[in-house]
Amino acid sequence: MTSARIKPARALHIATIAAAGIVFFLPLWWIFISAMRPEDDIFRYLNPIGWETFLPTRWTFDHFVALFQSTFGRSIFNSLFVAVATVAGGLIVCTLAAFALAVIEFPGRNIVFTLMIVSFLIPFDAIALPLYYVMRGAELQNTYLGLILPGVGNGLAVFLLRQFFLGLPKELREAAMVDGMGWFQVFWRIYLPLTGPAMISAGLIMFIFQWQAYLWPLLIAPATEYKVAAVSIAQFNSAYGIAFGPIMAGAMCISLIPMLILVFFQPYFTNSVASTGSKE
């Protein structure tokens, strides 16, 4: 009797998950098939919607050829370099900041943490122009450093790492302090080796934030040799029209890289988020 009641509920649960998955997958599929269609067919089958909307009748690779004959290949390299460098530098800064805010007791610690929380609640668009003038004054326009620096101090990553540190037993650091270790040794030898899943999650957050950035790279690095992929796609929009085929191909390329990274690291991200409950 009990199993008979569970089966319909489980079937509904599976159907809901499948429907949600299809809803999220269809836009990606449409972008992919639009990139593989001739330009004239991209919007031809949208009204009325039929099987041709989701399955192309003609295939072509011309859009990908046009895409990589442009400067898009260099832009993909720029995006990868900037994102990886941001993650590397950001993990150092954010991990040290999170350790200090979670473990070291100092006057005003809660105030600093509150200000940090408020900082990542402010939309970046609101500070983009003042930050641009600061960076231009420091002669960081059209440089990799100008692209990287704003993403290094990520408040959400600090919050995630701090919550992870708070979940570690205090007895670990107390025993280390009794053995004569200083704060840096406690961090390096006790806390850091336990922080792998949380660091992976923080790194994913910083990578996605930097990879999808558009406004800041557009402002600070408009030169071709520093242009990132998201900005480079816009070059196919001109006064003579919009080349939707290469735009769709570019959108597919810049979606594929973070998608594969997230799929690979998803178990670590899930475990880390599940273990970041604060005990304070």
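Residues numbered from 1 in each chain as written. Predicted model: local features only at pLDDT ≥ 70, side-chain atom pairs only at ≥ 80, totals over all residues. Heavy atoms only, no water.

Asks: Describe in detail the packing of helix α9 (residues 170-178) against helix α10 (residues 183-191), supporting the description with residues and values.
Replies: Interhelical geometry of α9 versus α10 gives an angle of 125° and a closest axis separation of 10 Å. Considered as vectors, α9 and α10 are oriented oblique to each other. The element α9 and its partner α10 pack so that their crossing is right-handed. Only Trp 183, Val 186, Ile 190 and Tyr 191 of α10 make contact with α9, whose side of the interface consists of Leu 172, Arg 173, Ala 176 and Met 177. Counted by class, the contact of α9 with α10 contains seven nonpolar, no polar and one charged residues. (Axes fitted to C-alpha atoms, helices over the stretch in contact; angles between N-to-C directions. Helix = DSSP H or I, 4+ residues; strand = E, 2+ residues; numbered from the N terminus. Parallel < 35°, antiparallel > 145°, perpendicular 65-115°, else oblique. Left-handed = near helix turned anticlockwise from the far one by under 90°. Contact = heavy atoms within 4.5 Å. Nonpolar A, V, L, I, M, F, W, Y, C, P; charged D, E, K, R; others polar.)

Asks: So, α10: which residues are in play, and what are the values?
Replies: Looking at α10, one finds that the buried residues are Val 186, Phe 187 and Tyr 191. Around the axis of α10, the buried residues are gathered within 100° of arc, so they sit on the same side. With respect to the buried face of α10, the exposed residues turned more than 90 degrees away are Phe 184, Trp 188 and Arg 189. Taken together, the buried residues of α10 touch α4 (72-102), α8 (155-166) and α9. (Buried < 20%, exposed > 50% of the residue type's maximum accessible area, 1.4 Å probe, protein only. Arc of directions from axis to C-beta.)

Asks: I'd love a proper account of the pattern of salt bridges, names of residues and values included.
Replies: A full pass over the atoms with the stated rule returns two salt bridges. With a closest N to O distance of 3.2 Å, Arg 44 and Asp 41 form a salt bridge. The partly exposed category is assigned to Arg 44, whose relative accessible area is 47%. For the salt bridge of Arg 58 with Asp 41, the shortest nitrogen-to-oxygen distance reads 3.0 Å. With Arg 58 in the loop between α2 (51-54) and α3 (62-69) and Asp 41 in the loop between α1 (2-35) and α2, the pair connects residues that are 17 residues apart, well separated along the chain. Of the residues examined, Asp 41 reaches a relative accessible area of 1% and is grouped as buried. (Salt bridge = Lys/Arg side-chain N within 4 Å of Asp/Glu carboxyl O.)

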